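# An overview of the molecular structure
For reference, the chains in residue letters:
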Amino acid sequence: MAWLFGGHDSTLTAESAAAWLAAAENSAVFPGSSHTVTAGASLCAVRGGSVHRGDDGMLAACVGFPHWKAADLAAIARDQNPAAALVEAYRRRGGELWREVGGAFSLAVIDPARDTVVLVLDRIGQRQLYYAQTAGGLIFGTSARALLAHPEVASDIHLQAVFDYVYSHHCPSPGSIYRDVRKLDGAEVLVYQAGQLQITRYWQPEFHEESRPLKTLAAEVHDALRGAVAGHAGRVCAFLSG
């Protein structure tokens, strides 16, 4: 199961980072080790994804199946890994790096030199990305429970989230089951810089009615489905419920 975890926190030391990461890994549904990169008071770790550390200390983590719009970014992702392409996209676009990528993904970039963290969730929220602001910075991950590894993040249950879950069978963003942990919604980008946090929506679906033959529209839907499946060749499975 893909998993992402990280943070940019001035209180982080080599010793506390190791303990923090071990606690987060043990909180996973399937505990185990992860691929990790660090730079000073910053850390990124993934399992079933990719991480990258630039020569300038910039860190990036990626899980999911990002589709890079620029040919050179796609080449970096192919020849190195998607997180390396993510670092390059950040260098070009900063907090608007989402302009360079499509698909289903959870993305994180830490720029220690600028005291900046950028988190991006895919356009319709196929993945998850949780975060919590601490006195020393920001922590994040694809699991809300993993964030409890930080000593400042309490495990107190958010009562409104309990009501939401009973009423609608999920905990809608921006809340989570934990009072101190927040969750990004689909098509949201979070930019944390020097203690200030800003969240914006970068995409909104648009619907336009068209008067065209049903057979033509049906053929377009089938072609789009076939193309989507072909684009994930080797990574396709069926979800059966009943």
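What comes next concerns the included structure. Treat the numbers as computed from the prediction; the structure is a model and nothing was measured. (Residues numbered from 1 in each chain as written. Predicted model: local features only at pLDDT ≥ 70, side-chain atom pairs only at ≥ 80, totals over all residues. Heavy atoms only, no water.)

Spatially, β4-β5-β6-β7-β11-β12 is the arrangement adopted by the six strands of the open sheet, whose pairing is antiparallel. Both outer strands of the open sheet, β4 (50–53) and β12 (196–201), are each paired with one neighbouring strand and no more. On average, each strand axis in the sheet is inclined to that of its neighbour by 20°, with strand direction left out of account. Examined bridge by bridge, strand β7 (residues 116–121) and strand β11 (residues 188–193) share five bridges and lie antiparallel to one another. Note on β11: the bridge partner recorded for L119 is L190. Sheet strands in contact with helix α3 (residues 82–93) are β4, β5 (59–68), β6 (101–111) and β7, and its direction is about 100° off that of β5. (Pairing = 2+ DSSP bridges. Helix = DSSP H or I, 4+ residues; strand = E, 2+ residues; numbered from the N terminus. Axes fitted to C-alpha atoms, helices over the stretch in contact; angles between N-to-C directions. Contact = heavy atoms within 4.5 Å.)

What follows covers the nonpolar core. Formed by 26 residues in total, the largest nonpolar core has its most connected members in W68, L86, L97, L107, V109, V120 and Y202. The set of elements that each furnish at least two residues to this core consists of β5, α2 (71–79), α3, β6 and β7. The element that contributes the greatest number of residues to this core is α3, accounting for seven residues. Residues in contact with Y202, not counting those within four places in the same chain, are W98, F105, V120, L121, D122, R123, A187, E188 and V189. (Core = buried A, V, L, I, M, F, W, Y, C linked by side-chain atoms within 4.5 Å. Buried < 20%, exposed > 50% of the residue type's maximum accessible area, 1.4 Å probe, protein only.)

Here we come to the pattern of salt bridges. In this structure the tally under the stated criterion is 15 salt bridges. Across the pair D185 and R201 runs a salt bridge, and its minimum N-O distance is 3.2 Å. Of this pair, D185 sits in the loop between β10 (182–183) and β11 while R201 sits in strand β12, and the two are 16 residues apart along the sequence. A residue is classified by how much of its surface remains accessible, and D185, at 34% relative accessible area, is partly exposed. (Salt bridge = Lys/Arg side-chain N within 4 Å of Asp/Glu carboxyl O.)

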